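Fold and contact review
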Amino acid sequence: MAFTADSVTLEQTAALDPAATIVVTVNNRLVWRVHGLLLAHLRDAGAGGVLQLPPVWSLSKWLEQLHQERLFNDDATLRARRLSPFAARLVWEDVVGQLQGDTPLLDTQLAAMRAMAASRDQDEWQIEVLPYEETEEYRRYRAWRDHYERRCREYDADDDNRLYNTLIDAVRGAVLRQLPATVVLVGFNEYSPRLRALLLACADQGMRIVSMQLPRYENAARVVIGRQDRRTEWVTAAHWAASELAADPSRKVAIISPQMQADAVFARRILDQELSARPFAPAYGFNMSVGRALAEWPLVRAAFHWLSAIALLAQEGELSPQAFGQALLSGFCGASDSELSAMAVLDARLRESRTIVWRKEAACGMLDKAAPDFSFRFKEALSLWQSVAAGAQQTSGAWTDTVRQALALIGFPGAQLSSTNFQVCAAFDAMLHDFSLIQAYAGKVGGLGAVSLLQRMARENVFQPQRDPDVRLDVLGFLEAEHGQWDAVWILGLTDEVLPASPDPNPFLPAPAQARAGAPRATPEREKQWAQDMLRALCAVAPKVVLSYPMMDADRALRPSALLDAWATGSTLDDAWAADALSDSASTVRMTPLPLESREDRRGLAATGVIEGGSDLLETQALNPLWAYVRHRLGARALQPYPETLTATVRGTFLHDMAQKVWEMLGTSERLAALAEAPLAALVNEAVEMAAQHTLFGISPALADLEKARAAAVMMTLLAQERTRPGFRVAGVEQAMAWEHAALKVNMRVDRIDETDAGETIVMDYKSGQRHPDFKKDWLRPRPVNLQLPLYATILQQEAATGARSPVMGLLFAKLNARKTELTGLTGEDLGIAGAAVIGKVAPGVAWDALLQQWQDGLRQLACDLSEGVADNNSWALQDLQYCDVLPFLRLAQENEDE
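Residue positions are counted from 1 within each chain, in the order its sequence is given. Given that this is a predicted model, residues contribute local features only at a pLDDT of at least 70 and side-chain atom pairs are listed and counted only at 80 or more, while totals for whole chains, interfaces and linings are drawn from all residues. To obtain the side-chain values, all non-hydrogen atoms of the structure were included, while hydrogens and water were left out.

With that settled, consider the overall build of the protein. By the criteria applied, helices consist of DSSP H or I runs no shorter than four residues and strands consist of E runs no shorter than two, each listed in order from the N terminus. Scanning the protein for helices and strands turns up 36 helices and 25 strands. Radius of gyration: over C-alpha atoms. The globule rule applied is 2.2 Å multiplied by the number of residues raised to the 0.38 power. A globule of 899 residues ought to have a C-alpha radius of gyration of about 29 Å, yet the protein, at 37 Å, is considerably larger. On the principal axes, the C-alpha backbone points of the protein span a range of 115 × 75 × 60 Å. For the protein, with 899 residues in total, the buried portion stands at 49%. When a residue's accessible area, from a 1.4 Å probe over protein chains only, is under 20% of the maximum for its type it is buried; when over 50% it is exposed; and in between it is partly exposed.

Moving on to the side chain of Ser768. The residue Ser768 is located in the loop between β22 (761-767) and α32 (775-778) in this model. Note on Ser768: relative accessible area 17%, which makes it buried. Whether two residues touch is decided by their heavy atoms; if any such pair falls within 4.5 Å, the residues are in contact. Here Ser768 is in contact with Gly652, Leu655, Leu816 and Asn817, once residues within four sequence places are set aside.

With that out of the way, let us pick up the packing of helix α3 (residues 59-70) against helix α7 (residues 160-172). The angle between the axes and the distance between the axes are what describe a pair of packed helices. Interaxial angle, 0 to 180 degrees, is taken between N-to-C directions of lines fitted to C-alpha atoms, where a helix line uses only the stretch in contact. Look at α3 against α7: their axes get within 11 Å of each other, and the N-to-C directions meet at 65°. In this structure, α3 crosses over α7, and the sense of that crossing is left-handed. Contacts between α3 and α7 involve Leu63, Leu66, His67 and Arg70 from the former and Leu163, Tyr164, Thr166, Leu167 and Ala170 from the latter. Taken together, the residues of the contact of α3 with α7 break down into 6 nonpolar, 2 polar and 1 charged. Here is the rule for handedness: rotate from the far helix to the near one, and if that takes an anticlockwise turn smaller than a right angle the crossing is left-handed, while a clockwise turn gives right-handed. When residues are grouped by polarity, Ala, Val, Leu, Ile, Met, Phe, Trp, Tyr, Cys and Pro land in nonpolar, Asp, Glu, Lys and Arg in charged, and all others, Gly among them, in polar.

Aromatic rings from Phe, Tyr and Trp, with only the six-membered ring used for Trp, were paired whenever their centres fell within 6.5 Å, and each pair was classed as stacked if the ring planes differed by under 30 degrees, edge-to-face if by over 60, and tilted otherwise. For the coordinates displayed, the defined rule picks out 18 aromatic pairs. The interplanar angle of 15° and the centroid separation of 4.4 Å between the aromatic rings of Trp92 and Tyr148 together place this pair among those described as stacked. Here Trp92 is found in helix α4 (residues 85-98), whereas its partner Tyr148 is found in helix α6 (residues 136-155), with 56 residues between them in sequence. Each member of the pair, Trp92 as well as Tyr148, is classed as buried. A centroid spacing of 6.0 Å and a plane angle of 45° characterise the contact between Tyr138 and Tyr141, whose relative ring orientation is tilted. Residue Tyr138 and its partner Tyr141 are both found in helix α6; the two are separated by 3 residues, about one turn of the helix. This pair shows no difference in class: Tyr138 is buried, exactly as Tyr141 is. In textbook terms, an aromatic cluster arises when at least three aromatic residues are bridged by ring pairs, as seen for Tyr138, Tyr141, Trp144 and Phe508. Counted as over-ring charges are cases with an Arg CZ or a Lys NZ within 6 Å of the ring centre that also lie within 35 degrees of the ring normal. Just above the ring of Trp297 sits the side chain of Arg292; from NZ or CZ to the centre is 3.9 Å. Geometry around Tyr642 places Arg351 over its ring, the cationic atom sitting 4.1 Å from the centre.

Now for the nonpolar core. Only buried residues count toward a nonpolar core, which is a set of Ala, Val, Leu, Ile, Met, Phe, Trp, Tyr and Cys residues joined through side-chain atoms within 4.5 Å. In terms of nonpolar packing, the biggest core is built from 90 residues, with Leu618, Val662 and Trp663 touching the most fellow members. Once you skip the residues sitting within four places of it in the chain, Val662 turns out to touch Leu683, Val684, Ala687, Met715 and Leu719. In terms of nonpolar packing, the next biggest core, distinct from the first, is built from 88 residues, Ala427, Leu432, Val445 and Ala522 among them.

Of note, Leu346 is situated in helix α14 (residues 337-352). Each C-alpha atom, one on Leu346 and one on Gly325, is 7.9 Å from the other, the two residues being 21 residues apart in sequence. Ignoring sequence-local partners within four residues, the contact set of Leu346 consists of Phe324, Leu328, Met366, Leu367 and Ala370.

Another point: unusual backbone geometry. Each neighbour pair has its own omega, and for Phe412 with Pro413 the value is 5°, a cis peptide bond. Mapped onto the secondary structure, Pro413 falls in the loop between α17 (396-409) and α18 (419-436). Residue Leu499 is joined to Pro500 through a cis peptide bond whose omega torsion reads -5°. When you line up the elements, Pro500 lands in the loop between β16 (488-491) and α22 (511-517). One non-glycine residue with positive phi stands out, namely Ala174, at about 60°. With a phi close to 50°, Glu734 is a non-glycine residue in the positive phi region. Residue Glu734 is classed as buried on the basis of its relative accessible area, which comes to 16%.

What follows covers the pattern of salt bridges. Between Lys or Arg on one side and Asp or Glu on the other, a salt bridge is scored when a side-chain nitrogen of the former is within 4 Å of a carboxyl oxygen of the latter. By the definition in use, this model includes 49 salt bridges. Where Arg456 meets Glu460, a salt bridge forms, and the shortest distance between an N and an O atom there is 3.0 Å. The class for Glu460 is partly exposed, based on a relative accessible area of 33%. A cluster of three or more residues bridged by salt bridges with shared partners is formed by Arg89, Glu93, Arg456 and Glu460.

Time to look at the sheet that holds strand β1 (residues 6-8). At least two DSSP bridges between two strands are needed for those strands to be called paired. The 5 strands lie next to each other as β1-β7-β6-β2-β3, forming an open sheet whose pairing is parallel. If you trace the sheet from one side to the other, it starts and ends with β1 and β3 (56-58), each paired once. The mean inter-strand angle of the sheet, taken between neighbouring strand axes irrespective of direction, is 35°. Pairing geometry for strand β2 (residues 21-25) and strand β6 (residues 182-186), over 5 bridges, is parallel.

Time to look at helix α28 (residues 648-666). Multiplying 1.5 Å by the residue count of a helix minus one yields the expected span of that helix. Between the first and last C-alpha of α28 there are 27 Å, a value that for 19 residues agrees with the 27 Å anticipated at 1.5 Å per step. Where α28 ends, the next residue or the one after it, Gly667, has phi of about 85°, a positive value.

On the secondary structure map, Ala440 appears in helix α19 (residues 439-442). For the pair Ala440 and Gly397, spaced 43 residues apart in the sequence, the C-alpha separation amounts to 9.6 Å.

What follows is about the confidence of the model for the protein. Here pLDDT means the predictor's own confidence in every residue, given as a number from 0 to 100. Mean pLDDT over the protein works out to 87, with 93% of the residues at or above the 70 mark. Mean pLDDT values for the elements of the protein range from 46 in helix α11 (residues 281-284) up to 95 in helix α12 (residues 298-315). Note that residues 893-899 has pLDDT below 50 and, in this model, 3 contacts with residues that lie over four places away or in other chains.

Attention shifts here to the state of the cysteines. Here, the word disulfide means a covalent bond between the sulfur atoms of two cysteines. A pair of sulfur atoms, both from cysteines and within 2.5 Å, is called a disulfide here. Throughout the structure, instances matching the rule amount to 0 disulfides. Unpaired in terms of disulfides, Cys333 finds its nearest cysteine sulfur in Cys425, a separation of 14 Å.

This paragraph deals with α6. With 20 residues, α6 should cover 28 Å at 1.5 Å per step; its first-to-last C-alpha distance of 29 Å lies within 8% of that length. Residues of α6 that are buried include every one of Tyr138, Tyr141, Trp144, Arg145, His147, Tyr148, Arg151, Cys152 and Tyr155, and no others. The inward-facing, buried residues of α6 abut β4 (81-82), α4, α5 (108-124), β5 (157-158) and α19. Looking one or two residues beyond α6, the residue adopting positive phi is Asp156, at roughly 55°.

Judged by which residues are buried, β16 turns out to be covered on both faces: Ala488 and Trp490 on one side and Val489 and Ile491 on the other are all buried. Taken together, the 4 bridges between strand β9 (residues 253-257) and β16 define a ladder with parallel strand orientation. Bridge pairing in β16 places Ile255 opposite Trp490. Here β16 pairs with strand β17 (residues 544-553) via 3 bridges, running parallel. Directly across from Trp490, in β17, lies its bridge partner Val546.

Moving on to the pairing of strand β7 (residues 208-212). In summary, the side chains of a regular strand alternate between the two faces of the sheet. With 4 of 5 residues buried, β7 lies mostly within the body of the structure. Where β1 lies against β7, 3 bridges are found, and the strand directions are parallel. Counterpart to Val8 in the pairing with β7 is Met212. Of the pairings in the sheet, the one linking β6 to β7 comprises 5 bridges and is parallel in character. Note on β7: the bridge partner recorded for Thr182 is Arg208. In this fold, β6 hands off to helix α8 (residues 193-204), which returns the chain to β7; that crossover is right-handed. The definition of a right-handed crossover adopted here requires that, viewed with the strands pointing away, the path from the first strand over the helix to the second runs clockwise.

Printed below as a string of structure tokens:
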């Protein structure tokens with residue numbers, strides 16, 4: 001059915017009777033532009049007094065107004081309830097879940113979303129599927145849609161798609177009695193069959209349908225350029241915008257991206273960085289027209305962190321360190337500044353703790369100590385939630401009231417909200433109201449289920465704060481920019497991968513049927529036509545236009561869109577402006593460069609007191625002096641991850657405790673040799689149980705049993721190897737020691753010290769991980785690392801020099817790992833220990849006593865360097881910084897060009 005609308009000008013539209021006219025735009029952004037154009041025209045025409053303008057609505061708002069009018073008329077097609085888009089999704093998911101058939105779906109939510117979109121597209125574009133075009137996916141979708149429609153009838157509910165269809169029938173049947181005399185359409189490049197049907201029905205009722213053309217720059221000056229990569233392209237565009245606004249702050253400019261949703265975070269970082277020092281930035285800033293899921297806004301994210309913590313403690317009686325820590329760090333509550341600081345410190349302690357589950361009493365006790373006033377508020381909210389969760393499952397309406405009360409009790413959303421956060425808070429409140437209305441479709445759920453469902457609703461609810469009208473730089477996507485007007489625009493990212501985009505037909509509708517109906521995203525031809533029309537429209541939104549594309553993505557070459565060929569040969573910009581646009585370094589201000597003073601800083605402040613710690617003091621100084629200074633002098637280190645399961649640290653402590661208790665009970669190799677297999681296994685199991693009581697608390701009994709069985713097997717394997725050693729006695733296990741030099745005091749515990757029957761001392765260190773030190777390389781290089789055993793040997797050798805101990809003759813690693821359990825190490829002579837290397841064979845010409853002296857001298861030098869503030873930023877090998885937690889500070893995270 002053909003539809004045409006007479007064209008009118010802005011002046012003719014302004015002359016229409018505002019009481020009998022409605023202006024309908026293609027989107028919300030265009031509403032404000034049309035409203036401003038009409039107001040400016042009337043003022044320029046000399047209209048005085050109160051100016052009456054016709055209502056200017058987006059298409060969705062107009063449809064909503066027509067629906068509201070139906071409610072006050074006798075319309076038998078309307079049902080009692082209205083499904084929100086989220087409620088409709090829930091019904092679709094329920095239907096899809098019930099009708100999966102013999103082939104279960106991997107993602108029911110995704111299938112329901114695409115089926116819901118297929119239903120809407122089929123009605124919007126009147127897609128007719130011929131019998132021979134039907135596919136298995138289409139037949140499955142038809143069964144889902146039929147069942148969905150039956151469910152809607154059972155609920156006596158309409159979704160937006162059916163409301164649109166029945167609205168057309170209502171207009172045809174003259175149900176609506178207050179239709180305007182004239183509807184002015186603005187910004188519509190095409191009319192879907194369903195929209196055409198609605199407009200024709202309105203025309204049949206005597207309504208006049210006209211189309212208003214917006215002012216356009218048909219002969220805009222333009223230039224097409226390429227940039228090295230995506231970052232360079234954005235940086236150049238930012239500099240260009242700064243130059244434009246610096247030349248004339250009254251100008252309005254825009255940066256337009258075809259992938260604004262994906263580019264948003266990257267673009268904001270670039271613009272903040274490049275424009276922060278520009279004179280115009282504090283006064284104007286920039287508007288980024290990108291909506292984000294409501295769940296991604298910090299204020300809403302904080303609400304869910306608190307609700308999750310409350311729900312977990314109320315219903316499960318426990319929560320993970322991550323859930324607890326995320327709530328403590330989220331803010332937007334009634335805690336004071338000092339309490340918020342204390343809660344941040346508490347989060348750091350949670351990360352360092354080995355506890356992987358926090359019980360309610362322990363969590364509340366920790367919060368009582370850190371933030372007593374806020375803790376009282378939190379426990380009130382917890383008590384409220386427990387009283388509701390103790391009963392039967394509740395509807396979404398009941399949970400909405402509980403959520404509101406719980407958040408109010410903890411002081412959410414805090415005080416002194418910014419304008420954006422105030423808008424986010426209002427949107428969150430509106431979403432809570434919508435959540436209360438889905439109880440008929442969501443059923444009854446528990447507290448955790450309610451929080452999860454509400455969080456999903458927030459993820460699907462896109463929110464965009466109102467733009468600042470005083471801002472002169474807009475950053476936006478294609479659809480938002482299509483009908484805008486600026487003094488200059490930069491359109492970037494125009495590669496052949498995005499313009500035209502690849503087709504993406506709905507998989508539940510046969511492709512031939514979609515192509516025949518001309519549905520969006522259905523065919524390459526449809527995408528090409530859309531891209532051409534869009535590019536033509538964007539090139540007319542300003543008198544000066546820059547079109548650009550990146551030439552590389554990492555090591556992948558990119559090509560410009562083939563559609564740019566038609567614009568590269570057209571009107572070009574004046575030479576001065578084009579040169580400025582082409583420059584990567586175009587800047588807002590041409591400032592005289594300041595003289596730079598260069599200083600090479602390799603030394604920090606000398607220590608004024610004792611620096612006390614473990615062997616890590618010397619280890620980090622040996623690996624990288626600047627790392628040691630940052631960590632031990634400045635006290636900076638990365639936060640540890642939250643413990644989620646049995647960590648390597650917990651497992652290592654458990655195995656160390658087990659080995660300690662085993663040798664406390666054995667004492668000598670003679671006792672080991674005397675025990676048969678069964679008694680020895682009983683002794684090991686006893687040691688395992690004692691160690692588990694002190695280290696494996698807080699994990700599930702099943703996991704603890706697996707760890708204990710593994711530890712017992714590892715220990716038995718190691719003891720079998722120790723039976724083959726020459727005679728020895730254990731002189732110490734977990735023996736405390738201290739070493740002092742310069743300003744350092746190093747405290748440590750030696751895992752085990754053996755004394756052989758031949759009168760020699762062997763120092764042993766347990767290693768529980770899969771990777772172990774390569775002592776042959778680490779101990780013999782000019783600046784040794786993995787210094788624990790060399791440090792132990794230095795201390796014990798000093799005792800041997802006084803006659804208090806026999807001389808140290810061997811350093812051993814005992815690998816307590818299920819994949820490989822063995823003894824390895826370095827000795828001064830052959831001690832008859834399988835796996836131990838003799839120094840004479842590893843490094844011919846190096847004497848054992850000389851090596852011990854070299855270690856002692858090296859350790860003393862490291863202590864002096866750390867005490868004096870030596871902070872050179874260098875390392876002996878790349879792998880030395882494998883576990884460095886302050887790489888950004890060292891600026892050594894960049895890839896080595898030689899690799």
